[in-house]
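# Per-entry structural report
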Amino acid sequence: MRPLNDALATQILEAGKAEFFEKGFQKASVRSIAAAVGVTTGALYRYYANKEALFEALVQEPAEAFYRRYRDYSEAYSERELEGQLDGLDEVATDEMGRMMAYIYAHYDAFKLIACCAEGTRYADYRERLIEVETKSSIALVRLMQKERQACTDIDEQMVHIIASIYFTGIFEVIAHDSDQDIAMRHIGVLRDFYTAGWYKILGIV
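Described below are features of the structure shown in this document. (Residues numbered from 1 in each chain as written. Predicted model: local features only at pLDDT ≥ 70, side-chain atom pairs only at ≥ 80, totals over all residues. Heavy atoms only, no water.)

### Some points on empty space enclosed by the protein
Put simply, the rule reads: A cavity, in this analysis, means grid points on a 1 Å lattice covering only the protein atoms where a 1.4 Å probe fits yet has no way out; a pocket is instead an open set bounded by protein on both sides within 12 Å along at least five of seven lines, and a residue lines either one if it has an atom within 4 Å of a point. Grid points are joined across faces, edges and corners, and a volume is the space filled by probe spheres set on the points. Numbering of helices and strands starts at the N terminus; helices are DSSP runs of H or I of at least 4 residues and strands are runs of E of at least 2. Residue classes follow a fixed rule: Ala, Val, Leu, Ile, Met, Phe, Trp, Tyr, Cys and Pro count as nonpolar, while Asp, Glu, Lys and Arg count as charged, and any other residue, Gly among them, counts as polar.
For the structure shown, the criterion picks out two cavities of 30 Å³ or more. Estimates place the volume of the second largest cavity at around 30 Å³. Along its surface, the second largest cavity is lined by Phe66, Ile104, Phe111, Tyr126, Leu130, Phe168, Ile171, Phe172 and Ile175. Of all elements in the fold, only helix H8 (126–147) and helix H9 (157–176) reach the threshold of two or more residues within the lining of the second largest cavity. By residue number, the principal contributor to the lining of the second largest cavity is H9, which donates four residues. Residue classes in the lining of the second largest cavity are distributed as nine nonpolar, no polar and no charged.

In structure tokens form, the structure reads like this:
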């Protein structure tokens, strides 16, 4: 077998990215991607076993790194005592959100593909995975507030999931709209303020 050509592998990735952005994963054509770089589909399959493998090569590394970081941060946050969690709400809303968006914009194409073009891949439910992390962390805080008999709205898991869904839908809408990073951060700042104020109200924090 001839050794693989790194330059050609990169060209295939770039052609695949363009095809996915134009047509979405489901309508993208391996034949068109191969033609764009002047190879046969058989030659393309020597680099990427199928269309989904090509899509994953474009998104997997940053997407999974982001997910692990967000999950680990949320789990560590939930391990704090109640006072530490309440004191850290502003930290979550400002510092961690800023780091999250900086990471997304450092890997913007990957997250834009996930936000807009992933239907038909295992990344179609990526947003839901993040929502589940946020839901778990938020429920833990609500239950801790109730256990400590602090003022807190009686809110069930389904409602917490809905709130978390609104939050991440907003983030992915910002990604989908191709705003430059400064504008995106302003939009995220408004979303963050809205979301945080809502949680203050739910938790009974003045």
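### Remarks on a nonpolar patch on the surface
Threshold: Residues with no salt bridge and a relative accessible area higher than 30% make up the patches, which join like charges within 9 Å and nonpolar side chains (Val, Leu, Ile, Met, Phe, Trp, Tyr) within 5 Å. For every accessible area listed, the method is Shrake-Rupley and the probe measures 1.4 Å; residues are considered covered only by the protein chains on display. The salt bridge criterion pairs a side-chain nitrogen of Lys or Arg with a carboxyl oxygen of Asp or Glu, the two atoms within 4 Å. Under the scheme applied here, a residue whose accessible area is under 20% of the maximum for its type counts as buried, over 50% as exposed, and between as partly exposed, the area being computed with a 1.4 Å probe on protein chains only.
Residues Met159, Ile162 and Ile166 make up a contiguous nonpolar surface patch of about 250 Å² in total accessible area. Topologically, methionine 159 is positioned in helix H9. Note on methionine 159: relative accessible area 36%, which makes it partly exposed.

### A look at the environment of alanine 18
In this fold, alanine 18 is placed in helix H1 (residues 6–27). A relative accessible area of 45% means that alanine 18 is categorised as partly exposed. A sequence separation of 10 residues divides alanine 18 from alanine 28, and the C-alpha atoms of the two residues are 9.5 Å apart.

### Quick look at a negative patch on the surface
We count it as follows: Neither His nor the chain ends is counted toward charge; the positive residues are Lys and Arg and the negative residues Asp and Glu. Note that the charge is assigned to NZ on lysines, CZ on arginines, CG on aspartates and CD on glutamates.
A contiguous patch of negative charge on the surface is contributed by Asp125, Glu128, Glu132, Asp154, Asp156 and Glu157. Along the chain, the position of aspartate 154 falls in the loop between H8 and H9.

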